[in-house]
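Architecture and fold: a report
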Amino acid sequence: MKADAVDDAPATRRGLSAGIAVATGTPRPLLGGGALLDLLLAAGREQHVDVVLDRQHHSGERATRGDGPLVVGGHLIARTHGDEHLGPTRRVDPTIALTWRLAPALSAFARFQTGYRTGGLAVASGVGRVADYQADDITVGELGVRTLRRGATGLSFSGSVSLARWDNIQADLINRRGQPYTANIGNARLEAFEASVDWVPVAGLRAEASLFLTDNTVSGPIADQSQRNNRRLPDTPSLALHAGLSYQWEAGGSSFRTGVTTDYVGRWVLGTGDFLDVSQGRYQVFGLFAGMRRRPFDIDLHIDNLTDRKANRFSFGNPFGIASRDLVTPLRPLNARIGIVWNW
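Parameters at a glance
- Residues numbered from 1 in each chain as written.
- Predicted model: local features only at pLDDT ≥ 70, side-chain atom pairs only at ≥ 80, totals over all residues.
- Heavy atoms only, no water.
- Helix = DSSP H or I, 4+ residues; strand = E, 2+ residues; numbered from the N terminus.
- Buried < 20%, exposed > 50% of the residue type's maximum accessible area, 1.4 Å probe, protein only.
- Contact = heavy atoms within 4.5 Å.
- Areas by Shrake-Rupley, 256 points an atom, 1.4 Å probe, with all protein chains shown as cover.
- Core = buried A, V, L, I, M, F, W, Y, C linked by side-chain atoms within 4.5 Å.
- Patch = residues over 30% accessible without salt bridge, like charges linked within 9 Å, V, L, I, M, F, W, Y side chains within 5 Å.
- Salt bridge = Lys/Arg side-chain N within 4 Å of Asp/Glu carboxyl O.
- Polar contact = N/O pair within 3.5 Å; in protein donor to acceptor, adjacent residues only side chain to side chain.
- pLDDT = per-residue confidence, 0-100.
- Pairing = 2+ DSSP bridges.

Another point: the overall build of the protein chain. Counting its regular elements, the protein chain contains one helix and 23 strands. Burial statistics for the protein chain: of 344 residues in total, 40% are counted as buried. Within the protein chain, residue pairs in contact and separated by at least 24 positions form 63% of the contacts whose partners lie at least 6 positions apart. For the protein chain, the computed accessible surface area is about 18300 Å², with 57% contributed by carbon and sulfur atoms.

Here it is in structure tokens:
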């Protein structure tokens, strides 16, 4: 995730990024922190801890992910008018990012960023009853280094550590009767390390690998009902790995390519609390690809899940069946795809 332009600057740049913006209406949260916040976005998009939730205001307007200002590398000063009982929200969220050249092909970077979501109203048990949920906020800090490959061959590397504190987390949950509700589930502390390597030792041969480690803990009345090793954000495996090796060459007026890949995803839980903390993940898959390009044709072959691994990916499904805790989305079995492109 490229959350800040400073991170994508060449190693020859140095300096400090800052700015200020004024906005009114329904704000979008300010998010950063590399893969750490990619993980939070994935958790919100696919599971029960939403990073951006739809809001129903007293005016009848509905704010979605695309509404409101998004400010990166600056400040957001926003005032929102939600339910009159809750009152307006005023908040200043600073963002600061720094990059520094340590050597011609080596740079260091740092970022500090905050964000929040306003509170609102949710359906409560009983006919015609509603309940308040409070605003939540997140603070993220990140430090890292990056080196760029110079020329057609060589090594490029990036690595960073990040720390986030997420307070008063808003979450969409499911009760034991299969009914959805929104509540503040508690606080979370997230620590992460991410690294990626891209190495081209000789022309045509390429090796790549990436690693993501995270340790997060959720504390609160709902999370504390789970066993200690299940008190974590949903869909956040403690370890994720990717590696690939490929080779490309030319012969007889054609270009050929082939390679292998592997991915490992560690264990995670479906949701927060003893009702949703179903264990999932913990699997490894392998893939193979090959291709040929000869004008005007381009032919590709992809084989996924070479070992025909059986495992359980993220699954939510029918909310009325959650009580069975038998929620399964199997991996796609061994499969092959052939593609042919004709250019003219």
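In terms of nonpolar packing, the biggest core is built from 21 residues, with Trp166 and Ile185 touching the most fellow members. Secondary-structure elements contributing two or more residues to this core are β11 (136-147), β12 (154-167), β13 (170-174) and β15 (187-200). The element best represented in this core is β13, accounting for three residues. Judged by nonpolar contacts, the second largest core, of six residues, contains Val265, Tyr283, Ala311 and Leu331.

This part takes up a nonpolar patch on the surface. On the surface, Trp100, Leu102, Val145, Leu155, Phe157, Val197 and Trp199 cluster together into a nonpolar patch covering about 630 Å² of accessible area. Elements that contribute at least two residues to the nonpolar patch include exactly β7 (95-103), β12 and β15. Topologically, tryptophan 199 is positioned in strand β15.

The next point concerns the environment of arginine 90. Within the secondary structure, arginine 90 is located in strand β6 (residues 89-93). According to the relative accessible area criterion, arginine 90 is exposed, its value standing at 61%. Separated by 28 residues in sequence, arginine 90 and threonine 118 place their C-alpha atoms 9.6 Å apart.

Turning to the side chain of arginine 117, a few remarks are in order. Take arginine 117: it is sitting in strand β8 (residues 106-117). Residue classification places arginine 117 among the buried residues on the basis of a relative accessible area of 7%. A polar contact of 2.4 Å, which involves the side chain of arginine 117, links it to the side chain of aspartate 136. Here glutamine 170 takes part through its backbone oxygen, which lies 3.1 Å from a polar atom of the side chain of arginine 117.

Quick look at the pattern of salt bridges now. Scanning all chains against the criterion turns up twelve salt bridges. Measuring nitrogen to oxygen at the nearest pair gives 2.5 Å for the salt bridge that ties glutamate 142 to arginine 111. With glutamate 142 in strand β11 and arginine 111 in strand β8, the pair connects residues that are 31 residues apart, well separated along the chain. Residue classification places glutamate 142 among the buried positions, given a relative accessible area of 5%.

Turning our attention to the confidence of the model for the protein chain. Fine structural detail should not be taken from predicted coordinates in areas where pLDDT scores are low. Taken residue by residue, the protein chain gives an average pLDDT of 76. The fraction at 70 or more is 73%. In this model, residues 1-15 is a region of pLDDT below 50 whose contacts with residues beyond four sequence positions or in other chains number 41 contacts. Counted against residues more than four places away or in other chains, residues 17-85, with its pLDDT under 50, gives 198 contacts.

The subject of this paragraph is unusual backbone geometry. Each neighbour pair has its own omega, and for arginine 295 with proline 296 the value is 5°, a cis peptide bond. If you trace the backbone, proline 296 turns up in the loop between β19 (279-294) and β20 (297-304). Phi at asparagine 168 takes a positive value of approximately 60°, unusual for a residue other than glycine. Inspection of the secondary structure puts asparagine 168 in the loop between β12 and β13. Positive phi is not limited to glycine here, since aspartate 308 has a value of about 55°. Topologically, aspartate 308 is positioned in the loop between β20 and β21 (312-313).

For the rest of this paragraph, the subject is the pairing of β15. With 13 bridges joining them, β12 and β15 adopt antiparallel strand pairing. Of the residues in β15, the one forming a bridge with serine 158 is serine 196. Two elements, β15 and strand β16 (residues 205-219), share 13 bridges in a ladder whose sense is antiparallel. Across the sheet, glutamate 191 pairs through a bridge with aspartate 215, a residue of β16. If you look at the hairpin formed by β15 and β16, you'll find four residues sitting between the two strands, and glycine 204 has a positive phi there, around 95°.

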